[in-house]
Amino acid sequence: ETKRAAVGRLSQMVEGASARLRASHAKAHAQVAQAADQLLALIAEQRDVAFKELENTHGTKQVSLALLDKKLSDTGDKLQLTLDFMRRLLKHASPTEALVFKQLLETRLQGCLSQSTDVAALGNISELSYVPSTNAQMRQAVTGIFGYVRTGSAGGGQSGAPGDERGREGSAAL
């Protein structure tokens, strides 16, 4: 009879352990869901930051291109005025009178031609890209911050280290 009582107590202990396991499983499940939701929110936040940075950079480059276009237009207008003046001068003035304006015209033309834009600068202004992380880098980052499953009491062992992917087959979809 004492053995039966001992087996009964053991059975109650197993039932208690089973109840604690169910409760800790439900708690851990909720924590995994909460951690995933927090990560998704952080990813969405980072996406929005990247979009905003992309839009700001695009706007800045658009302004730079507009300023460059205006500068080129002004230079073209100035060059056209200078060339028109030279044509009229050569048509209506004597060679001696035209020589009086030679230095002024050379300086003006040289100034117009020296304001030509750098083609490399135009390339830098017209390029914009996003450099994403590789799938391996993203997987490593997520598994490194997501957490891990621990068994036993607080001082007990672990089923895997924080970076270990055991039991995380779903992470291959990242």
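See the structure above.
Fair warning: this is a prediction, and the values are worked out from it, not measured in the lab.

From N to C terminus, the protein chain includes five helices and zero strands. Counting from the amino terminus, the protein chain carries its helices and strands in the arrangement α-α-α-α-α. Of all intrachain contacts in the protein chain linking residues separated by at least 6 positions in sequence, the fraction that spans at least 24 positions is 55%. About 14,100 Å² of surface is accessible on the protein chain, with carbon and sulfur atoms providing 60% of the total.

Take the environment of Asp74 next. Tracing the backbone through its elements, the reader meets Asp74 in helix 1 (residues 2–92). Accessibility expressed as a relative area gives 36% for Asp74, which makes it partly exposed. Along the chain, Asp74 and Cys112 lie 38 residues apart, while their C-alpha atoms are 9.5 Å from each other.

Let us now look at the packing of helix 1 against helix 3 (residues 102–114). Between helix 1 and helix 3, the shortest axis-to-axis distance is 10 Å and the interhelical angle comes to 155°. It follows from the interaxial angle that helix 1 and helix 3 lie roughly antiparallel. Of the two elements, helix 1 crosses helix 3, and the hand of that crossing is left-handed. Counted together, Thr75, Lys78, Leu79, Thr82, Leu83, Phe85, Met86 and Leu89 of helix 1 and Leu105, Arg108, Leu109 and Cys112 of helix 3 form the full contact between these two elements.

Moving on, we get to helix 3. Taking 1.5 Å of rise per residue, 13 residues should cover 18 Å, and helix 3 covers 18 Å from first to last C-alpha, within 8% of that figure. Tucked inside the fold, the buried residues of helix 3 contact helix 1.

In this structure the tally under the stated criterion is four salt bridges. Close ionic contact of Lys102 with Glu106 constitutes a salt bridge, the shortest N to O distance being 3.9 Å. Residue Lys102 and its partner Glu106 are located together in helix 3, separated by four residues, close to a single helical turn. Under the relative-accessibility criterion, Lys102 is labelled partly exposed at 44%.

Moving on, we come to helix 1. An α-helix turns once every 3.6 residues. As a result, residues three or four positions apart point the same way. A rise of 1.5 Å per residue sets the reference length of helix 1, with its 91 residues, at 135 Å; its end C-alpha atoms lie 133 Å apart and thus fit the reference within 8%. Every buried residue of helix 1 is accounted for by Ala35, Leu39, Leu68, Thr75, Thr82 and Leu89.

All right, on to a nonpolar patch on the surface then. Residues Phe51, Leu54 and Leu128 make up a contiguous nonpolar surface patch of roughly 260 Å² in combined accessible area. Within the secondary structure, Leu128 is located in the loop between helix 4 (119–125) and helix 5 (135–146). Accessibility expressed as a relative area gives 38% for Leu128, which makes it partly exposed.

Turning to the environment of Met86, a few remarks are in order. Relative to the helices and strands, Met86 resides in helix 1. Each residue touching Met86, except ones within four places of it in the same chain, is listed here: Leu105 and Leu109.

Time to look at the packing of aromatic side chains. For the structure shown, the criterion picks out one aromatic pair. Taken together, a centroid distance of 5.6 Å and an interplanar angle of 75° make the contact between Phe85 and Phe101 edge-to-face. Taken together, the positions of Phe85 in helix 1 and Phe101 in the loop between helix 2 (95–100) and helix 3 put the pair 16 residues apart, joining distant regions of the chain. Classification of Phe85 as partly exposed rests on a relative accessible area of 29%. The partly exposed category is assigned to Phe101, whose relative accessible area is 30%.

Moving on, we get to the side chain of Thr82. Summarising the element assignment, Thr82 is placed in helix 1. Excluding its chain neighbours within four sequence positions, the residues that come into contact with Thr82 are Leu105, Arg108 and Leu109.

Rules used throughout
Residues numbered from 1 in each chain as written. Predicted model: local features only at pLDDT ≥ 70, side-chain atom pairs only at ≥ 80, totals over all residues. Heavy atoms only, no water. Helix = DSSP H or I, 4+ residues; strand = E, 2+ residues; numbered from the N terminus. Contact = heavy atoms within 4.5 Å. Areas by Shrake-Rupley, 256 points an atom, 1.4 Å probe, with all protein chains shown as cover. Buried < 20%, exposed > 50% of the residue type's maximum accessible area, 1.4 Å probe, protein only. Axes fitted to C-alpha atoms, helices over the stretch in contact; angles between N-to-C directions. Parallel < 35°, antiparallel > 145°, perpendicular 65-115°, else oblique. Left-handed = near helix turned anticlockwise from the far one by under 90°. Expected span 1.5 Å × (residues − 1). Salt bridge = Lys/Arg side-chain N within 4 Å of Asp/Glu carboxyl O. Patch = residues over 30% accessible without salt bridge, like charges linked within 9 Å, V, L, I, M, F, W, Y side chains within 5 Å. Phe/Tyr/Trp six-rings, centres within 6.5 Å; stacked < 30°, edge-to-face > 60°.

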